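Next come the chains, spelled out residue by residue.
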2 protein chains.
Amino acid sequence: MATIKDIANRLGVSVSTVSKGLNGAGDISEQLRQAVLDTAVELGYTTRQMRGKDRRKLCIFIENMDYETPEQFGYDIILGFRQVAFRENYDVTVIPVTPLFQSTEKYDTYMLRNGYVGAFMVGFALQDDWISQFSTTGIPTVLFDNYIKKNPCVASIGTDSFEGIDDAIVHLMGLGHSRIALINGSRNSMISEQRRQAYIDSMTAHNLPFSDATMPYGYYVADAAKEHIGNLLSMGITAILCGNDLIASGVITECNLRGYKVPTDISVIGFDDIPIAAKLNPPLTTIRQDRCELGKSGFYTLHSLINHVPISRTLLRPQLVLRKSTALKADNP
Amino acid sequence: MATIKDIANRLGVSVSTVSKGLNGAGDISEQLRQAVLDTAVELGYTTRQMRGKDRRKLCIFIENMDYETPEQFGYDIILGFRQVAFRENYDVTVIPVTPLFQSTEKYDTYMLRNGYVGAFMVGFALQDDWISQFSTTGIPTVLFDNYIKKNPCVASIGTDSFEGIDDAIVHLMGLGHSRIALINGSRNSMISEQRRQAYIDSMTAHNLPFSDATMPYGYYVADAAKEHIGNLLSMGITAILCGNDLIASGVITECNLRGYKVPTDISVIGFDDIPIAAKLNPPLTTIRQDRCELGKSGFYTLHSLINHVPISRTLLRPQLVLRKSTALKADNP
């Protein structure tokens, strides 16, 4: 359990400043007060005052995604959501789920029985039990990277894959690459299908060659590179887009093992910009999703649904972060 | 200039209650206080206190759209935007524009010279001068029914045409119709092209016949019906979707003139649900856009951009409002 001192240390301010921030004293700036509250939420520090009786309950269901430490993809999404939810007087519970968990009780029943007024779903797969129930639920629900048609109680939040992938391909073309592959995420995920389509659209628009063989599926893990890299290299691919930064790290490793250097022989681009991306060798060029903003936008979209504003979809812009894993295409080998 | 008494009359409360609401007195409910402030904004009543010096300036540029009275399409969009902007401490100026106005000064220059920190653009056409400048502007800008690629300072807000048009077509199929036309809005508008695609997608998905001739363009005015209705009737069309409620009102008039009854001979569906829709004879079935919520979501999206959250797109769900202008398809003539 975090203490006031932990918050003070994290922010580099005195314990009495933290105390003022928590108690709403007038003689610290609004900005600092908000930083104190945000950090208290992040560290799990709550006072009785902060747990007022009139706070409404939300939950975040999370599946297929790591979120426990700041290095992991889900951490900032959940943190951003919780920080803004707290400001708007909601309590948030994070509930890891499995397919088995979903089969034990219907979604609506679970929500009503536990007094949750809305939920944010992160990392669900299309074949999950609850996904089919979202078409008819009456509970305000926001899905990260999934989309449900025609139910005004459900909305979607995510990053625009089409712009991100086109930005990456345009960057690679500027470096002379034309044989560009995509090692995608998992099958059966809406976002993988979207990125596959984004790759097809962009390669078509720029008159670049592609086929099923240049866009295999991985599983969002570094090991996915092993299975595909030999085939891609033998096809003459000189640049590889990856479904996330972990796959990209595996691609760099596999290229090295086979005597190809990144970026001199092969350019590699990741997706997400998790903290590891900047620390790889070479530091990874990647399509950044701002996960903290995704979490915050997820909350605001849910807050809108709870207030009967039927938002269907909120999309954020990606940002291509240029580091050292892409370079001019080498002369023909 | 509105007075306190105008606000009191509109809300059906006493002048002293309005006064308490405007002055932030503690003995009226938060809900009533908000209603007083919302009405003050609607009627243009402001006190010196409400025009505080620290308020930031936004503007709404409006073109090709009527908005002066509650019956008109733009009125609620602007009202919703202004009401929530006021709560968040922004002042809003509404500026009607023309192509000529846009050619007199660059967008960024105009904004900076006048001290506006962001803008909401309503009713712009694709060929407008400023539209091309939005690709590179650094000013937070939200477009209603237009979309700019890859600029993180610009976002889009609108209603999901694909769901609305599919809902309408599914409703008509349930009534036995298969020969369904779309009299669309103006050419050169993003939203008309989107609805044309939505019609094509939905007709294709449901194996219904269509061609260029079944999806002509109108101009968002009632008179657009005159040009097309004869041709559509001669092709055996039994149901007509319209780009807005005004076109639908023209379709009803034209059908009557030619001896066809709505809905017994021809079913008609509008788009938007402006106040006139419920008062037509017969009352119009229409695809509702909640314009007040569009205005509010427009503000919140702009507020996000100003705070460096790179939202790309916010979409709202449409709602098919069933009235009396659709009916079971008549037996073959």
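Provided above is the structure to which this section pertains.
These numbers were taken from a predicted model, which means no experiment stands behind them.

Residue and element names in this part refer to chain A. If you walk across this open sheet you meet the 5 strands as β6-β7-β8-β9-β11, and the pairing is mixed. With one partner strand each, in any of the chains shown, β6 (180-183) and β11 (319-321) form the two edges of the open sheet. Each neighbouring strand pair of the sheet contributes to a mean axis angle of 20°, computed without reference to strand direction. Along the sheet, helix α8 (residues 161-174) makes contact with β6, β7 (239-242), β8 (267-272), β9 (285-288) and β11, crossing β8 at roughly 160°.

Scanning the model with the defined rule gives 30 aromatic pairs over all chains in all. Centre to centre, the rings of Phe61 of chain A and Tyr107 of chain A are 6.3 Å apart; their planes meet at 70°, and the pair counts as edge-to-face. Of this pair, Phe61 of chain A sits in strand β1 (residues 56-62) while Tyr107 of chain A sits in helix α6 (residues 107-114), and the two are 46 residues apart along the sequence. Seen from their ring centres, Tyr199 of chain A and Phe210 of chain A are 6.0 Å apart, and the 75° between their planes marks the pair as edge-to-face. Here Tyr199 of chain A, found in helix α9 (residues 190-205), pairs with Phe210 of chain A, found in the loop between α9 and α10 (224-234); they are 11 residues apart in sequence, far enough to count as distant. Classification of Tyr199 of chain A as buried rests on a relative accessible area of 0%. An aromatic cluster is defined as three or more aromatic residues linked by ring pairs; in this entry it consists of Phe61, Phe101, Tyr107, Tyr110, Phe124, Trp130 and Phe134 of chain A. Here the guanidinium or amino end of Arg313 of chain B rests over the ring plane of Tyr147 of chain B, the centre of that ring lying 4.1 Å away.

Another point: the interface of chain A and chain B. Contact with chain A, which involves 23 residues of that partner, is made by 24 residues of chain B. With both chains or domains summed, chain A and chain B bury close to 1,900 Å², and 48% of this area falls on carbon and sulfur atoms. Run the count over chain A and chain B and you get 4 salt bridges. Asp167 of chain B serves as the salt-bridge partner of Lys150 of chain A, at 2.8 Å between the closest nitrogen and oxygen. If you list the elements that add at least two residues to the side of chain A that touches chain B, you get β5 (154-159), α8, α12 (291-306) and β10 (311-316) of chain A. At 6 residues, the largest contribution of residues to the side of chain A that touches chain B is made by β10 of chain A.

What follows covers helix α3 (residues 30-43) of chain B. Residue and element names in this part refer to chain B. Look at α3: 20 Å from first C-alpha to last across 14 residues, which is about the 20 Å you get at 1.5 Å a residue. Within α3 the residues assigned to the buried category are Gln34, Val36, Leu37, Asp38, Thr39, Ala40 and Val41. On its buried side, α3 packs onto α1 (4-11), α2 (15-23) and α4 (73-87). Positive phi appears at Gly44, one or two residues downstream of α3, with a value of about 80°.

Glancing now at the relation of the copies chain A and chain B. Between the two copies, chain A and chain B, the superposition gives an RMSD of 0.1 Å; the rotation angle is 180° and the shift along the axis is 0.1 Å. Within this description, the copies of the chain are treated as partners about a two-fold rotation axis. Considering only C-alpha atoms, the residue of chain A closest to the rotation axis is Thr314 of chain A, which sits at 2.3 Å. A share of 100% of interface residues in chain A that are also interface residues in chain B marks the association as one of identical surfaces.

Grouped together as the largest cluster of nonpolar side chains are 55 residues, with contacts concentrated most on Phe120 and Phe144 of chain A together with Phe81, Phe120 and Phe144 of chain B. With sequence-adjacent residues up to four places away left out, Phe144 of chain A is seen in contact with Met65, Phe73, Ile77, Phe120, Met121, Val122, Ile157, Gly158, Gln289 and Leu294 of chain A.

Once that is clear, we can look at the environment of Leu284 of chain A. Residue and element names in this part refer to chain A. Mapping Leu284 onto the fold places it in the loop between β8 and β9. The spatial distance from the C-alpha of Leu284 to the C-alpha of Ser249 is 8.3 Å, given a sequence separation of 35 residues. Those residues in contact with Leu284, other than ones at most four positions away along the chain, are Asp245, Ala248, Ile252, Val268, Gly270, Ala277, Val321, Arg323 and Ser325.

Residues and elements named next belong to chain A. For the pair helix α1 (residues 4-11) and helix α2 (residues 15-23), the least separation of the axes is 8 Å and the interaxial angle reads 105°. Compared by their axis directions, α1 and α2 come out roughly perpendicular. Counting all contacts with α1, which are made through Ile4, Lys5, Ile7 and Ala8, the residues of α2 involved are Val15, Val18 and Leu22. When its residues are assigned to classes, the contact of α1 with α2 shows 6 nonpolar, no polar and 1 charged.

All names here are of chain A. By secondary structure assignment, the location of Phe299 is in helix α12. Distance from Phe299 to Ala119, taken between C-alpha atoms, is 9.1 Å for residues 180 residues apart in sequence. Setting aside residues up to four positions removed in sequence, Phe299 forms contacts with Leu58, Phe81, Val84, Ala85, Glu88 and Tyr90.

Pairing in this open sheet of 12 strands is mixed, and the strands run β2(A)-β1(A)-β3(A)-β4(A)-β5(A)-β10(A)-β10(B)-β5(B)-β4(B)-β3(B)-β1(B)-β2(B) from one edge to the other. The open sheet has two edge strands with one neighbour each: β2 (90-96) of chain A together with β2 (90-96) of chain B. The sheet shows a mean angle of 15° between the axes of neighbouring strands, direction not considered. Pairing of β10 of chain A with strand β10 (residues 311-316) of chain B, which is carried by 5 bridges, proceeds in the antiparallel orientation. Within the sheet, the bridge partner assigned to Ile311 of chain A lies in β10 of chain B and is Leu316 of chain B.

Turning next to α8 of chain A. Helical geometry note: an α-helix holds 3.6 residues per turn, so side chains three or four residues apart project in the same direction. Residue and element names in this part refer to chain A. Helix length check: α8 (14 residues) gives 20 Å between terminal C-alpha atoms against 20 Å at 1.5 Å per residue, within 8%. Every buried residue of α8 is accounted for by Ser161, Glu163, Gly164, Ile165, Asp166, Ala168, Ile169, His171 and Leu172. Between the side-chain oxygen of the N-cap and the backbone nitrogen of Phe162 there are 2.9 Å, and the N-cap of α8 in question is Asp160. The first or second residue beyond α8 is Gly176, which carries a positive phi of 95°.

Our focus in this paragraph is the pairing of strand β9 (residues 285-288) of chain B. All names here are of chain B. Note: strand β8 (residues 267-272) against β9, 4 bridges, orientation parallel. In the strand pairing of β9, Gly270 is matched with Thr286. The pairing of β9 with strand β11 (residues 319-321) spans 3 bridges and is classified as antiparallel. Note on β11: the bridge partner recorded for Ile287 is Leu320.

Moving on to the packing of α2 of chain A against helix α3 (residues 30-43) of chain A. For any two helices packed against each other, the geometry is given by the interaxial angle and the distance between the axes. Residues and elements named next belong to chain A. It is at 8 Å that the axes of α2 and α3 come closest, and there the two elements cross at 90°. Classified by the angle their axes make, α2 and α3 are roughly perpendicular. Packed against α2, whose contacting residues are Thr17, Val18, Gly21 and Leu22, the element α3 presents Leu32, Arg33, Val36, Leu37 and Ala40 at the interface. Of the residues belonging to the contact of α2 with α3, the class tally is 6 nonpolar, 2 polar and 1 charged.

Rules and cut-offs
Residues numbered from 1 in each chain as written. Chains lettered and ligands numbered in written order. Predicted model: local features only at pLDDT ≥ 70, side-chain atom pairs only at ≥ 80, totals over all residues. Heavy atoms only, no water. Pairing = 2+ DSSP bridges. Helix = DSSP H or I, 4+ residues; strand = E, 2+ residues; numbered from the N terminus. Axes fitted to C-alpha atoms, helices over the stretch in contact; angles between N-to-C directions. Contact = heavy atoms within 4.5 Å. Phe/Tyr/Trp six-rings, centres within 6.5 Å; stacked < 30°, edge-to-face > 60°. Buried < 20%, exposed > 50% of the residue type's maximum accessible area, 1.4 Å probe, protein only. Lys NZ or Arg CZ within 6 Å of the ring centre and 35° of its normal. Buried area = accessible area lost by both parts, 1.4 Å probe. Salt bridge = Lys/Arg side-chain N within 4 Å of Asp/Glu carboxyl O. Expected span 1.5 Å × (residues − 1). Least-squares fit on C-alpha atoms with pLDDT ≥ 70 in both. Core = buried A, V, L, I, M, F, W, Y, C linked by side-chain atoms within 4.5 Å. Parallel < 35°, antiparallel > 145°, perpendicular 65-115°, else oblique. Nonpolar A, V, L, I, M, F, W, Y, C, P; charged D, E, K, R; others polar. Polar contact = N/O pair within 3.5 Å; in protein donor to acceptor, adjacent residues only side chain to side chain.

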